[in-house]
Amino acid sequence: MKITKLVVHCSDTPDDRDISAEDIHRWHKERGWDGIGYHKVIKRDGTVENGRPEFWPGAHVKGHNQCSLGVCLIGRNCITSGQLISLGKVIDDWLLKYPDAEVVGHCGLDPGKTCPNFDVPEWWISVKDIRKYSQNGVND
Ligand SMILES: [Zn+2]
């Protein structure tokens, strides 16, 4: 299995509710699935929790589960800065293992969805830009 996509989701739950990987695991089981479909979950305060192990294909994006890893941000409309910092770290970690993988939002692979309700490729470009400028700034 070659991972070519790193897919960002949101849990589509109210922003004032903190939900854990364990809660999602239970919900997905109740739907008759094999437990949590994401590989990582990022709580409102930025805590990263493990979902499904990476060697086990996820169940989070129609048609792309065999070639992707999925991370779920808890919330719906307003993702916290702590969550975005943790998301950057999760993606960095995955890109070390799968350097050619593309960073996308769920809606980028399934146009019927709005998840995760922000433009993931644009966010990722801005993170890389900020890193580049701050590195250059120190040396110039
Ligand atoms: Zn999604």
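Details of the structure are given in the entry above.
Residues numbered from 1 in each chain as written. Predicted model: local features only at pLDDT ≥ 70, side-chain atom pairs only at ≥ 80, totals over all residues.

The number of helices and strands found in the protein is 4 helices and 5 strands. Expected size for 140 residues packed as a compact globule is a radius of gyration near 14 Å; at 15 Å, the protein falls within 12% of this value. Each of the three principal axes of the protein carries a C-alpha extent, and together these read 55 × 35 × 25 Å. With 140 residues in all, the protein has 29% of them scored as buried. (Helix = DSSP H or I, 4+ residues; strand = E, 2+ residues; numbered from the N terminus. Rg over C-alpha atoms; globule rule 2.2 N^0.38 Å. Buried ≥ 20, exposed ≤ 12 C-beta atoms within 10 Å, placed from the backbone.)

What follows covers the environment of Leu-95. Mapping Leu-95 onto the fold places it in helix α2 (residues 81–97). Classification of Leu-95 by C-beta neighbours within 10 Å gives partly exposed; the count is 14. Linking Leu-95 and Ser-134, residues 39 residues apart in sequence, is a C-alpha distance of 21 Å.

The 5 strands lie next to each other as β3-β2-β4-β1-β5, forming an open sheet whose pairing is mixed. Since the sheet does not close on itself, it has two edges, and those belong to β3 (48–50) and β5 (102–105), each with one partner. Averaged over all adjacent pairs, the angle separating strand axes in this sheet is 25°, with direction ignored. Relative to β5, strand β1 (residues 5–10) runs parallel, the two sharing 4 bridges. By the bridge assignment, Leu-6 is partnered in β5 with Val-103. (Pairing = 2+ DSSP bridges. Axes fitted to C-alpha atoms, helices over the stretch in contact; angles between N-to-C directions.)

Taking 1.5 Å per residue, 17 residues should reach 24 Å; α2 reaches 25 Å between its end C-alpha atoms and fits that length. Along α2, the residues classified as buried are Gln-83, Ser-86, Leu-87 and Ile-91. Considered in projection along α2, the buried side chains sweep an arc of 140° and stay on one side of the axis. Exposed side chains of α2 directed beyond 90 degrees from the buried face belong to Ser-81, Ile-85, Lys-89, Asp-92, Asp-93 and Leu-96. (Expected span 1.5 Å × (residues − 1). Arc of directions from axis to C-beta.)

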